[in-house]
Amino acid sequence: MFGSITGNIAGISYFLLFQIAGILVSLAVLRRERTGFALLMGSVTGSFALQWFPALYAFITGFTMGAHLLALISIIGLAAAACILSRKKSGPRHIRISGVHSLFMNDPVLFLLLPLFLYMVITLNHHTIPYVDGAMHSGQAVFGDMNMHLGFVTSIARQQTFPPEYSILPGTQLAYPFLSDSISSSLYLMGASLRTAYLFPMYFALLQVFFGMYCTAKYSLRQMGRTYRGKSMTAFALFFLNGGFGFYYFITKGFHSENFTRIFSAFYETPTNYTACNIQWHNVLCDMLIPQRATLFGWAVLFPVLALLVKAGQKKKQGYFIIAGIFSGGLVLIHTHSFLALGVLCAGFLAQDLYDGYHPVERKRWPLAARAATVAAFLLSMSLIRMKQQSDAPLSAGTVLAAGIIIICCFIFFLLYHMIKGYSRKILLTWGFFLGIVLILALPQLIGFTFRQAQGSQFLRGSFNWANVSDGYIWFYIKNLGITFILAILLLVHGTRKELRLVLPACLLWLISEFILFQPNSYDNNKLLLIAYLFFCIGIADFIWDTIPSLVRESPRQMRFLTVTAVTALSTLAALLTMGREYVSDYELYSSPYVSLAEWIEENTEPSDTFLTATNHNNAVASLTGRNIVCGSGTFLYFHGTDYRQNETDTALIYEDPSRRDHLLKQYGVDYIVIGPNELGTYAIPDYDSMIAAYPVVYSKDEIVLLAVT
């Protein structure tokens, strides 16, 4: 758990070797790209390879050192081959490095990106199991999910079973995109401390997300034929510092009142996460990237791929589509929601290309009145559906699901129609190659993992307006998204043709997500909505920088300054307050007695041993040692669609029913029984003294007793 200096050096070195090899591959393949973008794609390649190469060998050998040695040889061989072929083809690449002043002037987003990255690094370090007086702490955002991820990381590395299984539900295949955690398991296997193994890959993933999003904005704005520097910085701020008008609920009694200061002390009562008032549009940094590792590592691939696809669509380069297809095909077991979002967006991009092929002459925009009427009709329809759902006779989940499927079918019909009319060889050699590669790589993952796991009524069901529990449709989004929702409506009504072209695929993704849930937790649909929101942020940035000022004949520059300043201030205030709260949050996650127990277990038991413990979510045995426990927290297992109820019931019976204890201990293959404050606080053990006497006591310290089952 605590590793060693040698182990940390080995784990970090192993990770960096993949980064270096990935960068060499990227510099060789993307020879005509600027060095900055090639470095970004190289870093993504290194992380992607470290997720996939050991896993591919692990299917044969298990998650062992042998699999990792073969993975390292493979990535080094790939880098060597790429460099040799590149030199033979066109000689060595000339790498240009700009001066610091030139770098910041060309990309002023760095003035925002670097401080945000520093904030994230400091916050993650403070939140990720720091050792404080024998205990381990966390922050607010990671108090829940980090326990699950730590358990995945440690169990994959210690048990080495592949495909991995739940340590909190033994014998059940992991129903989660596990490659976002196995990348840390690789470092942990090398001997790095759990804290280092968990954090170090996240730093690189954060940079990949930040620069990937920036490149997507930059290339999209360039494609629109306008300047990008100020607008890409605005889009960056709108996306990562997202928030609505939730701050209103905390300032009504003044900035010195307890109502305001509770932002920094209460548990999950922030301007971007205040469920008591139906504030559900959670901040990207604090509620997505810090606690949600699958989202972080998924976006670390998704955003650079989106940037690559924007460039590919502009230049129609077949090679770019092939590279994007490889990364996209590997997304399923990194972050399934990112794969799904990318699929919908790419369908929208393809439809636009087909439409352009069938209608080569640029058409005039719809009249303003027609566009306004269309948007108004849409909002009215959605509001009426929302009112119906709040009535005494709401639409059934099946009806809502059918509506979502009809939307998808209508789009597929539109796509097929224009595919017949606008088919061209160029489409086949670009999008056709992309789709073929994605299907070849993704289908085995979908069939072997995703489709088998996503079964039952909890998955793929109808539910309108995802997380909205009490508000009308329009008011829900006004108070959650704030000024960006109002600007998105104005953009759809009065935006330019290029702005509309940018956001229409995002509209499709948003609309589908309003009718269909793809997982048990309705909240998780925001992982789709946020990808759509990204493109709206880019479109809104262009809209407030150019379109709105163009409507004012006098003083357009002053209008631009006022508009951009006001929008940025209103959009980011809630996020900044949330970030302040997250920065100061501090909670004990694992108490000192349970940390000491976890240390003893690591040193004195086998990785295959099974422990009986309480089912608390912050279970030190499952999270820190990688050992199996009979049943973990339903908070995690329910939302993964697993059947854990019998294990949960039997855990209580073993502790509370002496007559059934021995039979159930044998049934679950329990090797050790933990009795400590968590267990005594959860279960009423009627024969505590007799139980202690019946089994050998192998550990007794700080009110915790560990019994061996012989």
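The numbering scheme is per chain: residues are counted from 1 as the chain's sequence reads. Totals for whole chains, interfaces and linings use all residues, but because this is a predicted model, local features are given only for residues with pLDDT of at least 70 and pairs of side-chain atoms are given and counted only at 80 or more. Each side-chain value is derived from all of the structure's non-hydrogen atoms; neither hydrogens nor water enter the calculation.

### Comments concerning a nonpolar patch on the surface
Alright, step 1. A cluster of nonpolar side chains, namely Leu118, Ile122, Phe264, Tyr583 and Val584, defines an oily patch on the protein surface of about 450 Å² accessible area.
Alright, step 2. Looking at the nonpolar patch, the elements that each hand over two or more residues are helix H5 (110-127) and helix H23 (556-584).
Alright, step 3. Working definition: with a 1.4 Å probe on protein chains only, accessible area under 20% of the residue-type maximum means buried, over 50% means exposed, and in between means partly exposed. Judged by relative accessible area, which is 47%, Val584 ranks as partly exposed. Like-charged residues within 9 Å of one another, or nonpolar side chains (Val, Leu, Ile, Met, Phe, Trp, Tyr) within 5 Å, are grouped into patches, provided each residue has over 30% relative accessible area and no salt bridge. The method behind every accessible area is Shrake-Rupley, applied with a 1.4 Å probe, and residues are considered shielded solely by the protein chains displayed. Any carboxyl oxygen of Asp or Glu that lies within 4 Å of a side-chain nitrogen of Lys or Arg is treated as forming a salt bridge with it. Secondary structure elements follow DSSP: runs of H or I of four or more residues count as helices, runs of E of two or more count as strands, with numbering from the N terminus.

### Here we look at the environment of Gly330
Alright, step 1. Mapped onto the elements, Gly330 comes out in the loop between helix H14 (318-329) and helix H15 (336-358).
Alright, step 2. Of the residues examined, Gly330 reaches a relative accessible area of 4% and is grouped as buried.
Alright, step 3. Taking the C-alpha atoms as reference points, Gly330 and Gln445, 115 residues apart in sequence, are found 8.6 Å from one another.
Alright, step 4. Two residues qualify as a contact provided that any one of their heavy atoms is within 4.5 Å of a heavy atom in the partner residue. Residue contacts for Gly330: discarding those within four places in its chain leaves Phe48, Trp52 and Gln445.

### So, the confidence of the model for the protein
Alright, step 1. As a per-residue quantity, pLDDT reports the predictor's confidence and falls between 0 and 100. Of all residues in the protein, 95% attain a pLDDT of 70 or more, and the chain-wide mean is 91.
Alright, step 2. Confidence scores differ between elements of the protein, with helix H4 (residues 100-106) showing the lowest mean pLDDT of 74 and strand S6 (residues 610-612) the highest of 97.

### Quick look at the pairing of strand S9 (residues 697-701)
Looking along a regular strand, one sees side chains alternate from face to face of the sheet.
Alright, step 1. As defined by bridge partners, S9 adjoins strand S10 (residues 704-708) across four bridges and the pair is classed as antiparallel. Note that in S10 the partner of Lys701 across the bridge is Ile704.
Alright, step 2. Following DSSP output, two strands are said to pair if at least two bridges run between them. Adjacent in sequence and paired antiparallel, S9 and S10 are bridged by two residues, among which Asp702 carries a positive phi angle near 50°.

### Some words on the sheet that holds strand S7 (residues 628-629)
Alright, step 1. Read across the open sheet, the five strands follow the order S7-S6-S8-S10-S9; overall the sheet is mixed. Either end of the sheet is taken by a strand with one partner, and the two such strands are S7 and S9.
Alright, step 2. Here two bridges tie S6 to strand S8 (residues 672-675), and the two strands are oriented parallel to one another. In the strand pairing of S8, Leu612 is matched with Ile673.

### Looking at the packing of helix H2 (residues 35-61) against helix H7 (residues 179-189)
Alright, step 1. Note on method: axes are straight lines fitted to C-alpha atoms, helices fitted across the in-contact stretch only, with angles between N-to-C directions ranging 0 to 180 degrees. Contact geometry for H2 and H7: axes closest at 9 Å, N-to-C directions at 85°. Put simply, H2 runs roughly perpendicular to H7. Residues Ser47, Leu50, Gln51, Trp52, Pro54 and Ala55 of H2 pack against Leu179, Ser180, Ser182, Ile183, Ser186 and Leu187 of H7.
Alright, step 2. Polar here means any residue outside two lists: the nonpolar Ala, Val, Leu, Ile, Met, Phe, Trp, Tyr, Cys and Pro, and the charged Asp, Glu, Lys and Arg; Gly therefore counts as polar. The residue makeup of the contact of H2 with H7, split by class, is seven nonpolar, five polar and no charged. Throughout this description, any angle smaller than 35 degrees is read as roughly parallel, any larger than 145 degrees as roughly antiparallel, any in the 65 to 115 degree range as roughly perpendicular, and the remainder as oblique.

### Things to note about the pairing of S8
Alright, step 1. The two faces of S8 match: Tyr672 and Val674 on one face and Ile673 and Ile675 on the other face are all buried.
Alright, step 2. By the bridge criterion, four bridges tie S8 to S10 in an arrangement that is antiparallel. Within S10, the position partnered with Ile673 by the bridge is Leu707.

### A few points about H23
Alright, step 1. Each helix should span, by expectation, one fewer than its residue count multiplied by 1.5 Å. The first and last C-alpha atoms of H23 sit 42 Å apart over 29 residues, in line with the 42 Å expected at 1.5 Å per residue.
Alright, step 2. Of all the bends in H23, the greatest, near 40°, is centred on Thr572.
Alright, step 3. Among the residues making up H23, those that are buried are Thr563, Val564, Val567, Ser571, Thr572, Ala574, Ala575, Leu577, Thr578, Met579, Arg581 and Glu582. The seven residues ending at a residue and the seven starting there each receive a fitted axis; the angle between those axes is the bend at that residue.

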